[in-house]
Amino acid sequence: MSDKPPAEPPSSEITPESRYLRRRELLKNAGLFAGTAAAVAGGLYLLGRKQTRFMDAYVPDAGLVNAPVAKGQGPYDTDEPRTPYEDVTTYNNFYEFGLDKNDPARNAHTLRPRPWTVTIDGEVHKPQTVDIDQLASWSPLEERVYRMRCVEAWSMVIPWLGFPLGELLKRVEPTGNARYVAFNTLHDPEQMPGQRRGTLDWPYVEGLRLDEAMHPLTLMATGLYGRQLPNQNGAPLRLVVPWKYGFKGIKSIVRISLTRDEPPTTWNLAAPDEYGFYANVNPAVDHPRWSQASERRIGEGFERRPTLPFNGYAEQVAHLYTGMDLRKNF
Amino acid sequence: MASRPLPWLNPALVVGGLSPLVMMAVQGPRGDLGPNAVEAALNQTGLFALVLLVASLACTPLRLVFKWTWPARIRRTLGLLAFTYAASHFLVYAVLDQGLKLGGILEDIGKRPFITVGFTALVLLVPLAVTSTNAWVRRLGFPRWQRLHRLAYVAAVLGVVHFVWRVKKDVTEPLIYAAVLGLLFAIRAAEAVRKRRARDAVAARSAASP
């Protein structure tokens, strides 16, 4: 420590007052610049957040299915590369949990898939209400690797676990009057908060013609990728009809009714000119707002691939529609 | 010498306004935009184009209502940012979504009103971006320049229509932009009426005086 008073700086080093003030103004302006730039960027970030929320998306770890499973590579399985589990479970349309693709993964934890019962009624000899686990034990689980084509022109390849719907229907013995199968999703705004909004008429309803429902390709899925079906994918029971647009694959089913008349379907009620009852994948029939001729396979990059008639299952199902005008019956 | 007031404002707007675009260019290839990065980039650039365009159209009404003058200083920057996002939106669609296949793009623009309307909005913004410089204001003369730039309102309306048609079911969000645009129109209309009344009053007074 020195006793010497600090040396005065030479006058040549003293900042002129004008420059001193200018420096303060520069600093102030730099601060205002940074603050404003950050505020503008932050404001835009908040507005566009929907598109970036995938970064913290919740990838579920649904438990492995213990039941013995007949593994893929059956007659209907595609050997195209499977869409990653992470994408299948975080990119979903399930308006009961929100309108954006990443909403269901975020919000579907409120759904309680157990205990769960399914009511099967209408034109059947054995109407009944069954516990989901009992229903799932009626037929052995199979793995089916199917293409899924969404009406929004994207597609995935998903290894489902499930059993043919036809097996279930045979068991309840449809009457001679049964011509259609109608499905209902759970209606419970407590478990499905999106149902508090009148976006669609709840509950979500869908339907198939009986011959479509009995087709061996038509699957009731209870799992995917060897795991239990995550809530956002329609736990505990959903429909998979691989030659139709994805919205036909009604999720979280609580009721299956056999009917004489064509049942209403949710998207057909909401916009009949855009979404028909049949909703067969058809590259020749455009959606009013976009072409259906090609699609983007999720996880495959930018290149679009051509869409196949009946999503590539024409050989198996085209005969169901002989004599029908598929431009009218879209 | 006093520096220009608010010299930081426009640079800050440019940096803040363009940073989401830079972020997207980084996030997209890294997979941080989700499983369908093209869709995310399309939605985000389209939304920002509309928001910035509406913001640029809010500058004059803000002056009329609150007597603020600073929005007028950033109007041009807001407009050019809006154009940048609109052009990026189209480029993402044409290059990444359609793979530059001209047939598909032309078919979309010609056949689908939703795309026709969006493309028209972009086309309307091109002359506005080109004539955004002071030199062009001088060359056209302010009244003509101003009339030309009213096309921004048409573009914004078309942008909202494009957004409404894009949405599958819930139109709440596009209707918010429609409501804001409606409000901005109403303020300008009220101002126009007020000006005309004032002019008529002056004319009446000068006619009455001997």
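Note that the coordinates shown come from a computational prediction; the quantities given were computed from them, not determined experimentally.

## Some remarks on the UniProt feature "transmembrane region" (unreviewed entry) in chain A
Now for step 1: What UniProt calls "transmembrane region" (unreviewed entry) maps, in this numbering, to residues 30-48 of chain A.
Now for step 2: Taken end to end, residues 30-48 of chain A has its terminal C-alpha atoms 27 Å apart, with 95% of it in helix and 0% in strand.

## Thoughts on the UniProt feature "domain: Oxidoreductase molybdopterin-binding" (unreviewed entry) in chain A
Now for step 1: Residues annotated in UniProt with the feature "domain: Oxidoreductase molybdopterin-binding" (unreviewed entry) correspond here to residues 111-267 of chain A.
Now for step 2: Measuring from the first to the last C-alpha atom of residues 111-267 of chain A gives 22 Å, for a span that is 13% helix and 38% strand.

## Remarks on the confidence of the model for chain B
Residue and element names in this part refer to chain B.
Now for step 1: Per-residue pLDDT for chain B has a mean of 93; in total, 97% of the residues score no lower than 70.
Now for step 2: For chain B, the element scoring lowest by mean pLDDT is helix 10 (residues 172-208), at 92; helix 6 (residues 113-130) scores highest, at 97.
Now for step 3: Across the predicted assembly, pTM comes out at 0.89 and ipTM at 0.88.

## Quick look at the packing of helix 3 (residues 59-66) of chain B against helix 4 (residues 70-97) of chain B
All names here are of chain B.
Now for step 1: Contact geometry for helix 3 and helix 4: axes closest at 9 Å, N-to-C directions at 170 degrees. Relative to helix 4, the element helix 3 lies roughly antiparallel. Along this stretch, helix 3 crosses helix 4, giving a crossing that reads as right-handed. Judged by residue contacts, Cys59, Thr60 and Leu62 of helix 3 engage Pro71, Ala72, Arg75 and Leu78 from helix 4.
Now for step 2: Across the contact of helix 3 with helix 4, the residue classes tally to five nonpolar, one polar and one charged.

## Observations regarding the UniProt feature "transmembrane region" (unreviewed entry) in chain B
Residues and elements named next belong to chain B.
Now for step 1: As recorded in UniProt, the sites labelled "transmembrane region" (unreviewed entry) are residues 7-26, 46-66, 78-96, 116-136, 148-165 and 171-190.
Now for step 2: The span residues 7-26 carries 90% helix and 0% strand; its end-to-end C-alpha distance comes to 30 Å.
Now for step 3: Annotated as 94% helix and 0% strand, the span residues 148-165 places its first and last C-alpha atoms 27 Å apart.

Each value, and the rule that gives it
- Residues numbered from 1 in each chain as written.
- Chains lettered and ligands numbered in written order.
- Predicted model: local features only at pLDDT ≥ 70, side-chain atom pairs only at ≥ 80, totals over all residues.
- Heavy atoms only, no water.
- UniProt positions renumbered as here; feature names shortened; annotations may be inferred.
- Helix = DSSP H or I, 4+ residues; strand = E, 2+ residues; numbered from the N terminus.
- pLDDT = per-residue confidence, 0-100.
- Axes fitted to C-alpha atoms, helices over the stretch in contact; angles between N-to-C directions.
- Parallel < 35°, antiparallel > 145°, perpendicular 65-115°, else oblique.
- Left-handed = near helix turned anticlockwise from the far one by under 90°.
- Contact = heavy atoms within 4.5 Å.
- Nonpolar A, V, L, I, M, F, W, Y, C, P; charged D, E, K, R; others polar.

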